[in-house]
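Letter by letter, the chains look like this.
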Amino acid sequence: MMAAMMLPGAVPAALGRVRASGRVRAVPVLYRPHGTPAAGVVAIAVGVYEFTPLKRHFRRRCRESARSGLGFGLNCVGSSIGLMLMLVAVSVMSVTWMAVVAALIVAQKLLPANAGVDVPLALAIVGLGVLIVIAPSSVPGLTPPM
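Computed from a predicted structure; not experimentally measured.

Definitions and limits used
- Residues numbered from 1 in each chain as written.
- Predicted model: local features only at pLDDT ≥ 70, side-chain atom pairs only at ≥ 80, totals over all residues.
- Heavy atoms only, no water.
- Disulfide = S-S within 2.5 Å.
- Helix = DSSP H or I, 4+ residues; strand = E, 2+ residues; numbered from the N terminus.
- Buried < 20%, exposed > 50% of the residue type's maximum accessible area, 1.4 Å probe, protein only.
- Core = buried A, V, L, I, M, F, W, Y, C linked by side-chain atoms within 4.5 Å.
- Contact = heavy atoms within 4.5 Å.
- pLDDT = per-residue confidence, 0-100.
- Patch = residues over 30% accessible without salt bridge, like charges linked within 9 Å, V, L, I, M, F, W, Y side chains within 5 Å.
- Areas by Shrake-Rupley, 256 points an atom, 1.4 Å probe, with all protein chains shown as cover.
- Salt bridge = Lys/Arg side-chain N within 4 Å of Asp/Glu carboxyl O.
- Axes fitted to C-alpha atoms, helices over the stretch in contact; angles between N-to-C directions.
- Parallel < 35°, antiparallel > 145°, perpendicular 65-115°, else oblique.
- Left-handed = near helix turned anticlockwise from the far one by under 90°.

*Asks:* What am I meant to see in the state of the cysteines here?
*Replies:* Defined simply, a disulfide is a covalent bond joining two cysteines at their sulfur atoms. Tallied over the entire structure, the rule returns 1 disulfide. Disulfide pairing is shown between C62 and C76; the S-S distance is 2.0 Å. The sign of the 95° torsion about the S-S bond sets the C62-C76 disulfide as right-handed. Of this pair, C62 sits in helix 3 (residues 53-63) while C76 sits in helix 4 (residues 70-90); the two residues are 14 residues apart in sequence, bridging distant segments of the chain. By the burial criterion, C62 is buried, and C76 matches it.

What follows is the structure, given as structure tokens:
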């Protein structure tokens, strides 16, 4: 999960450095931002995913035991995949955004599901997606497309 969270921030910087040095083929192209409309749509989809029974199922299964293994890992990835995809889509280079997303993932892993918290969070994510689509310059830390 650490690699999944750190890769979105590291790849654009690495690609920028490679382009500046003139050796474009030195690093494989792993990720290329698709612009703010795509980032907004992904954030909206993530907010909607937060409401789904599938997300609740994965979250419950990820919390219910401390065992390890493929099944447990898949449940935990299913529980946090939306937030990780949102981080990749917005291509933030901001440590603050990475910390916020990491805190949300940890909170969802450790705390039981609570509609009083989960519903406003999902609505806030949808709102963030809408804001990214209509006014991307108002979102702090949003990396402009390459």
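This is not the end of the story, as more comes after the structure.
*Asks:* I keep staring at the nonpolar core and nothing clicks. Help me out?
*Replies:* Taken as a class, soluble globular proteins show a tendency for nonpolar side chains to be buried jointly. Core analysis: the biggest nonpolar cluster contains 17 residues, and L83, M86, V101, I125 and I132 have the highest contact counts within it. Elements that contribute at least two residues to this core include exactly helix 2 (36-49), helix 4, helix 5 (95-110) and helix 6 (115-134). Considering each element in turn, this core owes the most residues, 5 residues, to helix 4. Residues within four places of I132 in sequence aside, it is in contact with T36, A39, G40, V90, V139 and L142.

*Asks:* Would you explain the confidence of the model for the protein chain in this entry?
*Replies:* Detailed reading of the predicted coordinates is not advisable wherever pLDDT is low. Averaged over every residue, the pLDDT of the protein chain is 78; residues scoring 70 or more account for 71%. At the low end of the mean pLDDT range in the protein chain sits helix 1 (residues 2-21), at 61; at the high end sits helix 6, at 92.

*Asks:* Mind showing me how you'd approach the environment of A135 here?
*Replies:* Looking at the element boundaries, A135 is found in the segment after helix 6. A135 sits in the partly exposed class, given a relative accessible area of 25%.

*Asks:* What should I look at first to understand a nonpolar patch on the surface in this one?
*Replies:* A contiguous nonpolar surface patch, about 410 Å² in accessible area, is contributed by V41, V130, L131, V133 and I134. In terms of residues, the nonpolar patch owes the most to one element, helix 6, which gives 4 residues. Tracing the backbone shows V41 in helix 2. The class for V41 is exposed, based on a relative accessible area of 51%.

*Asks:* Would you take a moment to explain the environment of V88 for this structure?
*Replies:* Positionally, V88 belongs in helix 4. Note on V88: relative accessible area 27%, which makes it partly exposed. For the pair V88 and V42, spaced 46 residues apart in sequence, the C-alpha to C-alpha distance is 9.4 Å.

*Asks:* Which parts of the structure should I look at to understand the environment of N75?
*Replies:* Tracing the sequence through the fold places N75 in helix 4. The sequence separation of N75 and K55 amounts to 20 residues, and the corresponding C-alpha distance is 9.3 Å. With near-sequence residues (within four places) excluded, N75 lies in contact with H57, F58, R61 and C62.

*Asks:* Please clarify how the packing of helix 3 against helix 4 should be interpreted in this entry.
*Replies:* Between helix 3 and helix 4, whose axes approach to 8 Å, the crossing angle comes to 130°. Here helix 3 is positioned oblique relative to helix 4, judged by the angle of their axes. Read as a crossing pair, helix 3 and helix 4 show a hand that is left-handed. Residue-level contacts link K55, H57, F58, R59, R61 and C62 of helix 3 to F72, L74, N75, C76, G78 and S79 of helix 4.

*Asks:* Explain the side chain of T36 here, please?
*Replies:* Structurally, T36 can be placed in helix 2. Apart from residues no more than four positions distant in its own chain, T36 is found in contact with I132, P136 and L142.

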